[in-house]
Amino acid sequence: MKRRFLILMLCILLLVPFPVQAAEPDTIPGNESVLGGSFVPSDAPEITGTTAIVMDMDTGDILYEKDCHKRAEPASTTKLLTAILAVDNLNPSDVITVKDGALEGISYDAVRIWLSPGETMPVSDLLYALLLPSANDAANVLAMAVAGTIPNFATKMNETAKALGCKDTHFVNANGLPDPQHYTTAYDMALIARAAYGRSRIRDILGTPAYWIPATNMAEERELWTTNYLLYDVTDVYYEYCTGGKTGYTEEAGNCMVAFAEKYGRRLVSVVFHCPGQYDRFTDSKNLLEFCFEEYHRIHPLEGFNLEEYDENGSDQTDSKGGLGDVVLENYYARLTHALPEYSVDTSLSLYTRSSVSTDDIQKQISFQYDKYKMTAGELRLSFQNRTLASIPIRIDRTEMDADLADLAALGPEERLRTDGKAELPATRSEILQSVIEDSVPRLLICIGVAMAVCILVILAAHMKKTRRANISRYFGDGPVPAIDPEAVREAEERKKAREALRQLEDSGEGMPRPKVPREKPPTDDGIEDTGERTPRKPAEASERSTVKPDAKPISEMTIDELEDTGERSPKKSAEKSSGSSVNRTAPRNTKKPADNGIDDVIDEG
């Protein structure tokens, strides 16, 4: 019974509708949800860097990534974040005086422009020195001008990185010199690079191959050249679409590179960390950027899309009656006199796909799931070859509807009369919810009733099958079940009943065989007619026959002659003995049948 109850409950639960959460989009090439693990397309170029990423700077879509969340030392690419804080907190024309503490911690062989304590220089010139030759002393001077001390500036760097979305970044200095607590990831650095490229002042400096700093109060004119070889058309790694970049190197971090490029109206940034050779970082960056430009393109799948012209399966209903408006609205709002809610999707959506995929290849599918907190009616899912590319919420706009409801609520009953003479109140949210419940509850009850009926039928069928097998096992045992012959079953039942009846007779004693009773010969000498009926012996004869002399021998010890003398031996047998020949022992035929008195006739042969 417990098992049957569990089966019944399971059937009922399967029929009760439960809300289902929409599945997360698949992590496919060109989707910004590719944020975990490693995704390297099979046709992507091989790189020497241990971690890398390519990101669209306008949309944030990731086109390529190789262990982009693996920690790495960023070396001088750290200076991109230093430049962001300097541009945001200092004016380009401000003149900075180099302090004594600004040059501490910078080794003799580290890159510098040889600033001296007390030297003055504009912020704009310090930014060129920071980003082109990657001067470490310029980084410290800018940091102290912004925050007063290097530790205070590092605190601002970490706060800014967190605001940009970095989740695994921690900086302790402004120049990127080695430190165990100074680290980031390729993904986080791509976010920092996007923010830096979005500031025009930094973007212009990064795209400049060379710059000359005018003479200062303590030094002559300085000539600066960028370390980004992608900008030099005389090198083998020149990339004509590169618009800037920032290099970095330390023995611990290896060769690092952040490169920016623009092509086909798109702007991409690539990050590669820990390349073995100086030229490897340029080759890796160039190959990754060119691959993503040529093998991926950005499309606008909802351009010209009209939600009202699509049904719930995503089919175009432009030339036929129907569409989303009919599917959603006609069920509950057909008789209302006020405006209906507006449904819309963001048609400005753009996404990256492989170049071989066109807008016409994208399938659209609408699913409804009302969310009162987000005010959405469902979602529009875009997919290609059964792989989800994006999910766009279908938003509900009740502005016009709520205004009409307020106007109707202010009217009297007479003013709300319709042309058919029936008064109709405006539908509120609670009324709409109540109508939905009223329609859903009967359906739910019907489903539960059907489930219970199905469960009962299943249980009865199982019980009948079990009973049938038990009856068969009673006659044939537990072996293979033979074909059932109705006549054989009937005969078996009769034989069983007969055996039961015989057993009952034996138990009661009525079925035991009766003892044989000798039959008395009828007297012939007393004139009574021999009727064949048994006559009891006379008492006297019985006493005479039963009288035995005290000194007489037992009959068993008497000889034949003595038996003849005593009369105990029958004349017939004496005759047999005396003659010594065979005698016909056949008894004379009794032609007269004795009366049936209920006792079996027994012939006494002795």
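Heads up: these notes are all about the structure in this document.

The rules we used
- The numbers attached to residues start from 1 for each chain and follow its sequence in the written order.
- With pLDDT at 70 or above as the cut-off, local features in this predicted model cover only qualifying residues; side-chain atom pairs require 80 or more to be listed or tallied, and sums for whole chains, interfaces and linings still use all residues.
- Side-chain metrics rest on all non-hydrogen atoms present in the structure, leaving aside hydrogens and water.
- Numbering of helices and strands starts at the N terminus; helices are DSSP runs of H or I of at least 4 residues and strands are runs of E of at least 2.
- Between buried and exposed lies partly exposed: a residue is buried under 20% and exposed over 50% of the maximum accessible area for its type, with that area taken using a 1.4 Å probe on protein chains only.
- We call two residues contacting when some pair of their heavy atoms lies within 4.5 Å.
- Residue-level accessible areas treat just the shown protein chains as cover; the underlying method is Shrake-Rupley with a 1.4 Å probe.
- Within this document, salt bridges are pairs made up of a side-chain nitrogen of Lys or Arg and a carboxyl oxygen of Asp or Glu, the two lying within 4 Å of each other.
- In this analysis, axes come from line fits to C-alpha atoms, helices being fitted only over the stretch in contact, and the angle between any two N-to-C directions falls in the range 0 to 180 degrees.
- When describing relative orientation, an angle under 35 degrees is termed roughly parallel and one over 145 degrees roughly antiparallel, while 65 to 115 degrees is termed roughly perpendicular and anything else oblique.
- Here a crossing is taken to be left-handed if its near helix is turned anticlockwise relative to the far helix by less than a right angle, and right-handed if that turn runs clockwise.
- The residue classification treats Ala, Val, Leu, Ile, Met, Phe, Trp, Tyr, Cys and Pro as nonpolar and Asp, Glu, Lys and Arg as charged. All others, Gly included, are polar.
- Two strands pair if DSSP finds at least two bridges between them.

## Comments concerning the overall build of the protein
Here is step 1 of the chain: When helices and strands are counted, the protein shows 15 helices and 15 strands.
Here is step 2 of the chain: Relative to its full complement of 606 residues, the protein shows a buried share of 36%.
Here is step 3 of the chain: Across the protein, every contact between residues at least 6 apart in sequence was considered, and the portion connecting residues at least 24 apart equals 62%.
Here is step 4 of the chain: A total of about 37,000 Å² of accessible surface is found on the protein, and carbon and sulfur atoms cover 53% of it.

## Remarks on the pattern of salt bridges
Here is step 1 of the chain: Here the structure, examined in full by the defined rule, presents 13 salt bridges.
Here is step 2 of the chain: Where glutamate 487 meets arginine 490, a salt bridge forms, and the shortest distance between an N and an O atom there is 2.1 Å. With glutamate 487 and arginine 490 both in helix H12 (residues 486-508) and three residues apart, this pair spans about one turn of that helix.
Here is step 3 of the chain: The class for arginine 490 is partly exposed, based on a relative accessible area of 40%.
Here is step 4 of the chain: Shared partners join several salt bridges into a network, and the residues in it are Asp43, Glu295 and Arg354.

## Regarding the packing of helix H2 (residues 79-89) against helix H4 (residues 136-147)
Here is step 1 of the chain: At their nearest, the axes of H2 and H4 sit 10 Å apart, and the two run at 40° to each other. Taken together, the axes of H2 and H4 are oblique relative to one another. Between H2 and H4 lies a crossing whose hand is left-handed. On H4, the residues touching Lys79, Thr82, Leu85, Ala86 and Asn89 of H2 are Asn136, Ala139, Leu142 and Val146.
Here is step 2 of the chain: Class assignment for the residues of the contact of H2 with H4 results in five nonpolar, three polar and one charged.

## Section: the pairing of strand E1 (residues 51-56)
Each regular strand displays side chains that alternate between the two surfaces of the sheet.
Here is step 1 of the chain: A large share of E1 lies buried, amounting to six of its six residues.
Here is step 2 of the chain: Of the two faces of E1, the one carrying Thr51, Ile53 and Met55 and the one carrying Ala52, Val54 and Asp56 are both buried.
Here is step 3 of the chain: Taken together, the four bridges between E1 and strand E2 (residues 62-66) define a ladder with antiparallel strand orientation. Bridging from a neighbouring strand, methionine 55 pairs with isoleucine 62 of E2.

## Re the side chain of asparagine 228
Here is step 1 of the chain: Position of asparagine 228 among the secondary structure elements: in the loop between strand E6 (222-225) and strand E7 (242-250).
Here is step 2 of the chain: The buried category is assigned to asparagine 228, whose relative accessible area is 0%.
Here is step 3 of the chain: Not counting the four nearest positions on each side in its chain, asparagine 228 is found in contact with Cys242, Gly244, Gly245, Thr247, Met257 and Phe282.

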